[in-house]
There are 2 protein chains.
Amino acid sequence: MAATIKDIARLAGVSPATVSRVLANKTAFYGPATAEKVQAAALKLGYRKNTAAAELVTQHSNVLAVVVNSVKTNFSSQIITGIQDTAAAHGLNVIIVYAGITDPEAQRKALLTVIERPVMGILLLSLNLTPENLQLLQGAQTPYCFLSIAFDDGDLPSIASDDWQVGYQATQTLLKAGHRKIGLAAVDSNSHTGRFRLAGYESALRDAGVSPQADWVQPGVYSYVAGREAMAAYGVTSGLTGVVAGSDMAAIGVLNQARDLGLTVPTDLSIVSIDGTEMCELVQPQLTSVSQNFYDMGAAGVRQLLEPGRQLQQVTPIQVVDRQTVRVL
Amino acid sequence: MAATIKDIARLAGVSPATVSRVLANKTAFYGPATAEKVQAAALKLGYRKNTAAAELVTQHSNVLAVVVNSVKTNFSSQIITGIQDTAAAHGLNVIIVYAGITDPEAQRKALLTVIERPVMGILLLSLNLTPENLQLLQGAQTPYCFLSIAFDDGDLPSIASDDWQVGYQATQTLLKAGHRKIGLAAVDSNSHTGRFRLAGYESALRDAGVSPQADWVQPGVYSYVAGREAMAAYGVTSGLTGVVAGSDMAAIGVLNQARDLGLTVPTDLSIVSIDGTEMCELVQPQLTSVSQNFYDMGAAGVRQLLEPGRQLQQVTPIQVVDRQTVRVL
DNA sequence: ACCAATCGGACAAACGTTTGCTTAAATTCA
DNA sequence: TGAATTTAAGCAAACGTTTGTCCGATTGGT
C-alpha cells in the first residue's frame, strides 16, 4: 500500500535509480528539473523510505541499540541521555529494549531482537548475561560494550566506575568524619561490582586501623527493599554509627527504615549513598553520596563503539559530594 | 561476512527454500533427515537470521515501537512495564525511542526512525506532537495510539485518565478533610491535561461552596522545580492550608520548598499529589495521591493497536490513596 | 564540422529472506 | 499392476532499496 520509489519513478516519469539518487541528495547525478519533478511526486505520494530495504543492500545501519536490564533502575536515564546526545552528534539513532533482570529467556529475546536486526552497535546497561546469552552476543557480528558494570574477564569491553574506589571512598568519607563502626548495606556480593566495593570498603576500614566485622555487611541487590532489610537487620543495637548503601535507592531504604526504628539521620546514624542521582536531593535529609558520572559513561560507550581501537575497559571518574547525611563526630 | 541462508543451503546440500522452511519450523515441507542436516549446518555457521530481509518480503513485523517524550518522567517505567508484559504475551517485541520534550526536530527524528522501519504499531507516551509531526505520524501506514495524554480532537486514539476527575478528586480529598483554601501547583494550563485538571479543581471548589482565587493556582510543567517555584510563589502568607500538585515530582518540590519556608507537612500544609508512583512512598511524609493506573494504560495501549475495532479514546480508572500528607482539620 | 569530454539518466544486479508453484519420488489404494 | 495420492525438496519471483555500468545527447575545443 505504501508508496515506493517505483511509484514515484512512474509518476515523475523517470527511473527508480534516479529517484533514489535525488532522494539521497546525490547531486552530480541529476539535473534540477528532474529533481523538482521527483520531489513533487514524492511529496504527493506521501513517500516514506523503507529503511529496512535500504539497509539490506547497503549492509550498514545507523542505529545503535541499548539493552537495559530493567525499567526500575533510575540511574539509567542519565546514561541514556549521555548515549542519546553523543549518538545524535554522530548522526546515529538510538533504540532501547528492555531485558528482564532475572529471566534468562527474556534476556535472550531482547538480545535477539537487536542482534537479528541491522544495528551498528550494542550497548548493554548494567546487564549480567548468562554464559549462553553472552555467547550469543559474541557470536553476532556486531560491536558491543557493557556499561556500568565490570567483569573479571578482561576481554569484555566495558565502561564503569572503579568499584574498589567507590567502596573505598564511600567508607573513607565516614572514617574522615570520625566514624569507626561502619556498615555496608545492599551490595550484591555475587557480582564483580559488589565484590570490589566490598573489598574497597574493607581496605578503607583496615587502612584506618579498624577491623571489619562480619555482621557489618548486609548484602542485597541494591534496591529500596534491600536497603530497608539491611537496616532492619542492623536494628538499633548494632552500635553502627554510619552505613554506606549500595545505591541511592538502597540508601533511601535504610533512611526510611532507620526512621521507623526511631533513629534520626544523621544524628544517630550517618549514611553515604552510592550513585548520586537526582534522588539524593529529593529526600530529606539530602543524601551524601559518592557520585558516578553516568552521563559520561553513556557518552564514552558510543565513542567506544565508533572507534574500535580504544582500550577495552575504561573507567569513569567518581566524586564524593557532601550533602546532609553524614555527621562529623 | 555473516552467514546467510544460502551458506547453510550449500553446506547442507539443500536449497535455500528448504533451509528457510526448516528454520521456520514449517514441518510438512521437509523430512527429518534434511532437517537435521540443516540444523547442524546453521549451528556450525553461527547463523543469525536477518530479520530486516524477512520483514521486507513478508511485509509485516512483530515489533512495537514506543516513543517517549523524555527520560525524566518517572511514571513512564510503569507504562512501559505494562506495554512490555502484554506485548510479550502476544509475541511482540518492544523497542523504545526517546524524543526530545521540547525540540520539534528531535521529535521528528525519533518519529522517523520508527516510521521508516517496519513496525506493527506505535505507542506515544505523553507526547505532545507539533502539527507537522502529527501529520507525519498520520501519513504513515502504521497504527498508533497516544498514552497518558488526551486531546481536544476526538479523532486521535488515546488512553489516559479522566483529567477532569483527577483534578476534581484531588481537590475533593482536601475539601473532605475540611480544607477551604486550596492551591493548584505545577499544572500546565497550556495542555489539554492541565486545562481539564484545572477545570476539575475549580468545579470541586465551587461544588463545596468556595470560590476559586486566581492566585491559588501556580501553573508549571509538572516538574520538581515547577513544584518548588509554585510553593515559593505561595510563600508563608498565602493562607493556603492545602495544595494539589500536578505530579509526584511536583509534589516533592512543594514539600521540600515548604520545609525550606519553615512549614511542616501536613501540620501547616496538606498536599495531595497526582500520579501515585513509587516516589510517593519514598519521601517523608509519604504523599497522599490520586493514583493513575499506568500499567493498565500500557496494557490497554497494545490491545488498542492489536484490535483496531476498539473505541478511539479510552479512560483508565483512578483512585485516591491516602497516605500521610493530608491533615484533617 | 569533427572528435572528445561531460552530463543526465536508465538498466540491472544485488542484499537475505519467504512462498507459490512445480517436479520427482515414494506411498497408498483398489 | 496401474493410477491416484502424498511427501520431499527445488525453482524462481518478489519485497524496496542502492549503485556500478552503460548509453545517448549536449557541449566545448580546435
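Residues numbered from 1 in each chain as written. Chains lettered and ligands numbered in written order. Predicted model: local features only at pLDDT ≥ 70, side-chain atom pairs only at ≥ 80, totals over all residues. Heavy atoms only, no water.

If you look chain A up in an unreviewed UniProt entry, it shows as LacI family transcriptional regulator from Levilactobacillus koreensis.

A short note on the packing of aromatic side chains
Heads up, the condition is: Stacked, tilted and edge-to-face are the three classes applied to pairs of Phe, Tyr and Trp rings, where Trp contributes its six-membered ring and a pair requires centres within 6.5 Å; stacked means planes under 30 degrees apart, edge-to-face means over 60, and tilted covers the rest. When a residue's accessible area, from a 1.4 Å probe over protein chains only, is under 20% of the maximum for its type it is buried; when over 50% it is exposed; and in between it is partly exposed.
A complete count under the given rule lists six aromatic pairs over all chains for this structure. Measuring from centroid to centroid gives 6.0 Å for Y144 of chain B and F146 of chain B, while their planes differ by 90 degrees, and the two rings are edge-to-face. In this structure Y144 of chain B comes out as buried when scored by relative accessible area, which is 14%. On the basis of relative accessibility, which here comes to 0%, the residue F146 of chain B falls in the buried class. Ring centres of F146 of chain B and F151 of chain B lie 4.7 Å apart, and the angle between their planes is 70 degrees; on these two criteria the pair is classed as edge-to-face. Comparing F146 of chain B with F151 of chain B shows no difference in burial state: the two are buried. Chaining the aromatic ring pairs together yields one cluster made of Y144, F146 and F151 of chain A.

Let's talk about the domain arrangement of chain A
Spelled out, the test is: Domain delimitation in this document rests on an assignment produced automatically or drawn from a domain database.
For chain A, the assigned domains are domain 1 (5-49), domain 2 (61-161 + 295-316) and domain 3 (163-292). Each of domain 1 of chain A and domain 3 of chain A was reduced to a C-alpha centroid, and the two centroids are 63 Å apart.

Concerning the relation of the copies chain B and chain A
So the rule is basically this: Only residues with pLDDT of at least 70 in both copies count here: their C-alpha atoms drive the least-squares fit that superposes the copies.
Mapping chain B onto chain A leaves a residual RMSD of 0.0 Å; the transformation is a rotation of 180 degrees accompanied by 0.0 Å of translation along its axis. Here the copies are linked by what is in effect a two-fold axis.

Considering the UniProt feature "domain: HTH lacI-type" (unreviewed entry) in chain A
Here is the rule: UniProt positions are given in the numbering used here, feature names are shortened, and annotations may be inferred rather than shown by experiment. Numbering goes from the N terminus for both helices and strands, where a helix is a DSSP run of H or I of at least four residues and a strand is a run of E of at least two.
According to UniProt, the "domain: HTH lacI-type" (unreviewed entry) feature falls on residues 3-58 of chain A. Along residues 3-58 of chain A, the helical share is 68% and the strand share 0%, with 21 Å between the first and last C-alpha atoms.

Describing the protein's contact with DNA strand C
What counts, and what does not: Nearness here has a simple test: a residue counts as near a molecule or strand if at least one of its heavy atoms is within 4 Å of that partner. The term polar contact refers here to a pair of N or O atoms within 3.5 Å; inside protein, the definition further demands a hydrogen-donor-capable atom paired with an acceptor-capable atom, and it admits residues adjacent in sequence only when both atoms are side-chain atoms. When residues are sorted by character, Ala, Val, Leu, Ile, Met, Phe, Trp, Tyr, Cys and Pro go into the nonpolar class, Asp, Glu, Lys and Arg into the charged class, and all the rest, Gly among them, into the polar class.
Around DNA strand C, a shell composed of 28 residues is seen, among which S15, G31 and T34 of chain A together with S20 and Y47 of chain B lie nearest. Within 4 Å of the protein, atoms of DNA strand C come from sugar and phosphate in 61% of cases. Between DNA strand C and T34 of chain A, the relevant distance is 2.4 Å, taken from a phosphate oxygen to a side-chain nitrogen or oxygen of the residue. One of the side-chain nitrogen or oxygen atoms of S20 of chain B is found 2.5 Å away from a phosphate oxygen of DNA strand C. Taken together, the elements giving at least two residues each to the surface near DNA strand C come down to α2 (16-23) and α4 (51-58) of chain A together with α1 (5-12), α2 (16-23) and α4 (51-58) of chain B. Among the elements that make up the surface near DNA strand C, the one with the highest residue count is α4 of chain B (four residues). Residue composition of the surface near DNA strand C, by class: twelve nonpolar, ten polar and six charged.

Some remarks on helix α9 (residues 192-207) of chain A
All names here are of chain A. Convention followed: In a helix, the anticipated span is given by 1.5 Å times the number of residues less one. Residues count as neighbours in contact if any of their non-hydrogen atoms are within 4.5 Å of one another.
When the terminal C-alpha atoms of α9 are compared, their 22 Å separation across 16 residues agrees well with the 22 Å that a helix rising 1.5 Å per residue should span. Buried residues of α9: H192, T193, G194, R197, L198, G200, Y201, A204 and L205, and no others. Where the residues of α9 are buried, they touch α8 (163-176), β6 (182-185), β7 (217-218), β9 (270-275) and β10 (288-292). Just downstream of α9, G209 is the residue with a positive phi angle, here 85 degrees.

Describing the packing of helix α1 (residues 5-12) of chain A against helix α3 (residues 32-45) of chain A
Residue and element names in this part refer to chain A. Note the threshold: Between the N-to-C directions of two axes lies an angle of 0 to 180 degrees, each axis being a line fitted to C-alpha atoms and, for a helix, fitted only over the stretch in contact. What sets the label is the angle itself: under 35 degrees gives roughly parallel, over 145 gives roughly antiparallel, 65 to 115 gives roughly perpendicular, and the rest give oblique. Each crossing gets its handedness from the near helix: less than a right angle anticlockwise from the far helix is left-handed, clockwise is right-handed.
α3 packs onto α1 with a crossing angle of 125 degrees between their chain directions and a minimal axis gap of 9 Å. In terms of orientation, α1 and α3 fall into the oblique class. Crossing geometry of α1 relative to α3 is assigned as right-handed. Contacts from D7, I8, L11 and A12 of α1 reach α3 at K37, V38, A41, A42, K44 and L45. Considering only residue class, the contact of α1 with α3 consists of seven nonpolar, no polar and three charged.

Focus on the sheet that holds strand β6 (residues 182-185) of chain B
Where we set the bar: Strands are labelled as partners when DSSP assigns at least two bridges between them.
One open sheet accounts for six strands, arranged β7-β6-β8-β9-β10-β12 (chain B); its pairing is mixed. What marks the edges here is a single partner per strand, and that holds for β7 (217-218) and β12 (318-321) of chain B.

Notes on the protein's contact with DNA strand D
Neighbouring DNA strand D are 28 residues, the closest being S20 and R21 of chain A together with S15, G31 and T34 of chain B. When atoms of DNA strand D within 4 Å of the protein are sorted by moiety, sugar and phosphate together comprise 64%. Between S20 of chain A and DNA strand D, the recorded distance is 2.5 Å, taken from a side-chain N or O atom to a phosphate oxygen. Between DNA strand D and T18 of chain B there is a distance of 2.7 Å, counted from a phosphate oxygen to a side-chain nitrogen or oxygen. Elements supplying a minimum of two residues to the surface near DNA strand D: α1, α2 and α4 of chain A together with α2 and α4 of chain B. If you tally residues by element for the surface near DNA strand D, the top one is α4 of chain A, at four residues. Classifying every residue of the surface near DNA strand D gives twelve nonpolar, ten polar and six charged.

Side note on unusual backbone geometry
All names here are of chain A. The step from V265 to P266 runs through a cis peptide bond, and the omega angle for that step is 5 degrees. Of the consecutive residues Q284 and P285, the connecting peptide bond is found in the cis state with omega at -5 degrees. The phi dihedral of A186 is positive, around 60 degrees, even though this residue is not glycine. Looking at where A186 falls in the secondary structure, it is placed in the loop between β6 and α9.

Topic: the packing of α2 of chain B against helix α3 (residues 32-45) of chain B
Two quantities define a packed helix pair, namely the angle between the helix axes and the distance between the axes. Residue and element names in this part refer to chain B. One way to put it is that α2 packs onto α3 with a least axis distance of 10 Å and a crossing angle of 90 degrees. In this view, α2 runs roughly perpendicular relative to α3, as classed from their interaxial angle. Every residue of α3 that contacts α2 at V19, V22 and L23 is listed here: A35, V38 and Q39. Residues that form the contact of α2 with α3 fall into these classes: five nonpolar, one polar and no charged.

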